[in-house]
Amino acid sequence: MSLAYNRKLAALALALIVVAGSLFGVGRSVRAQAAAVRNLFQNGTGDGYGIAYDLGKRLEYAQNLMKIARAQDAPDDAVSAVSDARADLDWLTGSSDYAGLYAANEALSAAVYVLDTALTQAGADKSAWDRELGNFDSKQMTIAHESAYFNSAVSAFNTGVLGALPARTLAPLTGLRELEAFA
């Protein structure tokens, strides 16, 4: 009997085609939905300015704060702490290590406030500092608002898309995994 007329072989071939098509289709669809969620981190909710943009602006403002602090003869160790925290955040910029970016952003904030305290205790003229610190803080408030939306989208993806069939059962075979929140 010819292979073309073998029912068992035909059924096996059909099953393999269905499984391969399912893996490909589910993987492609879920990856596209994950990319849309990751895009929120870069481009926000429609204004084109996401968390990544605001982190970049905070890097700029931190650089300006260090220049102002140096001009005010701030303690070197406090300025160096801001510089180190800034470098850590800058190094992670562009990555999808959202937890690392969150921690580096928090460390930068902490270092800037230690420097702020040092300038206050030194009795420095803080008019330029306070303006730049206001910009630095404003971006942090924007990040807090954007991260709530981003983290909600991450949670919805992880539970609604990856937690549903068939993605849940096919995830190990397609390499799909949960997205990380910015927290």
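Residues numbered from 1 in each chain as written. Predicted model: local features only at pLDDT ≥ 70, side-chain atom pairs only at ≥ 80, totals over all residues. Heavy atoms only, no water.

Student: Requested: an account of empty space enclosed by the protein, with residues and values cited.
Tutor: Summed over all chains, the structure comprises one cavity of 30 Å³ or more. A volume near 40 Å³ is recorded for the largest cavity. Considering every element that reaches the lining of the largest cavity, the biggest residue donor is helix α5 (residues 127-161), with three residues. A class-by-class count of the residues in the lining of the largest cavity yields four nonpolar, two polar and one charged. (1 Å grid on protein atoms, 1.4 Å probe; cavity = no way out; pocket = protein on both sides within 12 Å on 5 of 7 lines; lining within 4 Å. Points joined across faces, edges and corners; volume = space filled by probe spheres on them. Helix = DSSP H or I, 4+ residues; strand = E, 2+ residues; numbered from the N terminus. Nonpolar A, V, L, I, M, F, W, Y, C, P; charged D, E, K, R; others polar.)

Student: Explain the pattern of salt bridges to me, and be specific about the residues and the numbers.
Tutor: Taken as a whole and judged by the stated rule, the model has four salt bridges. With a closest N to O distance of 3.2 Å, Glu60 and Lys57 form a salt bridge. Within this pair, Glu60 and its partner Lys57 are both found in helix α2 (residues 51-71), separated by three residues, close to a single helical turn. For Glu60, a relative accessible area of 42% translates into the label partly exposed. (Salt bridge = Lys/Arg side-chain N within 4 Å of Asp/Glu carboxyl O. Buried < 20%, exposed > 50% of the residue type's maximum accessible area, 1.4 Å probe, protein only.)

Student: Which residues make up the packing of helix α3 (residues 76-92) against helix α4 (residues 98-122), and what values do they have?
Tutor: Running from N to C, α3 and α4 point in directions that differ by 160 degrees, and their axes come no closer than 8 Å. As the angle between them shows, α3 and α4 are arranged roughly antiparallel. Considering only the axes of α3 and α4, their crossing is left-handed. Here Ala78, Val79, Ala81, Val82, Ala85, Arg86, Asp88, Leu89 and Leu92 of α3 lie close against α4, whose contacting residues are Gly100, Leu101, Ala104, Asn105, Ala107, Leu108, Ala111, Val112, Leu115 and Ala118. Split by residue class, the contact of α3 with α4 holds 15 nonpolar, two polar and two charged. (Axes fitted to C-alpha atoms, helices over the stretch in contact; angles between N-to-C directions. Parallel < 35°, antiparallel > 145°, perpendicular 65-115°, else oblique. Left-handed = near helix turned anticlockwise from the far one by under 90°. Contact = heavy atoms within 4.5 Å.)

Student: Would you mind going over the environment of Arg168 in detail, with residue names and values included?
Tutor: Along the chain, the position of Arg168 falls in helix α6 (residues 167-174). When the C-alpha atoms of Arg168 and Ser80 are compared, they prove to be 47 Å apart, with 88 residues separating the residues in sequence. Residue contacts for Arg168: discarding those within four places in its chain leaves Leu162 and Gly163.

Student: Can you tell me about the environment of Ala34, naming the residues and giving the values?
Tutor: With respect to the helices, strands and loops of the structure, Ala34 is situated in helix α1 (residues 7-43). For the pair Ala34 and Ser127, spaced 93 residues apart in sequence, the C-alpha separation works out to 44 Å. Filtering out sequence-adjacent residues up to four positions away, Ala34 remains in contact with Phe157 and Leu179.

Student: Help me get a handle on α3, residues and values and all.
Tutor: Each α-helix turn comprises 3.6 residues. Residues three or four places apart therefore point the same way. Under the 1.5 Å per step criterion, the end-to-end length of α3 is 24 Å for 17 residues, consistent within 8% with the ideal 24 Å. Considered for burial, the residues of α3 that qualify are Ala78, Val79, Val82, Ala85, Arg86, Leu89 and Leu92. All buried residues of α3 project into a common sector of 155 degrees when viewed along the axis, lining one side. Relative to its buried face, α3 has exposed residues pointing more than 90 degrees away, namely Asp76, Asp77 and Trp91. Residues of α3 that are buried make contact with α2 and α4. Looking at the residues trailing α3, positive phi occurs at Gly94, about 95 degrees. (Expected span 1.5 Å × (residues − 1). Arc of directions from axis to C-beta.)

Student: Lay out the packing of aromatic side chains with the relevant residues and their values.
Tutor: Taken as a whole, this structure holds six aromatic pairs when the rule is applied. A centroid spacing of 5.3 Å and a plane angle of 85 degrees characterise the contact between Tyr102 and Phe182, whose relative ring orientation is edge-to-face. Here Tyr102, found in helix α4, pairs with Phe182, found in the segment after α6; they are 80 residues apart in sequence, far enough to count as distant. Note on Phe182: relative accessible area 2%, which makes it buried. Grouping aromatic residues by their ring pairs yields a cluster made of Phe41, Tyr98, Tyr102, Phe150 and Phe182. (Phe/Tyr/Trp six-rings, centres within 6.5 Å; stacked < 30°, edge-to-face > 60°.)

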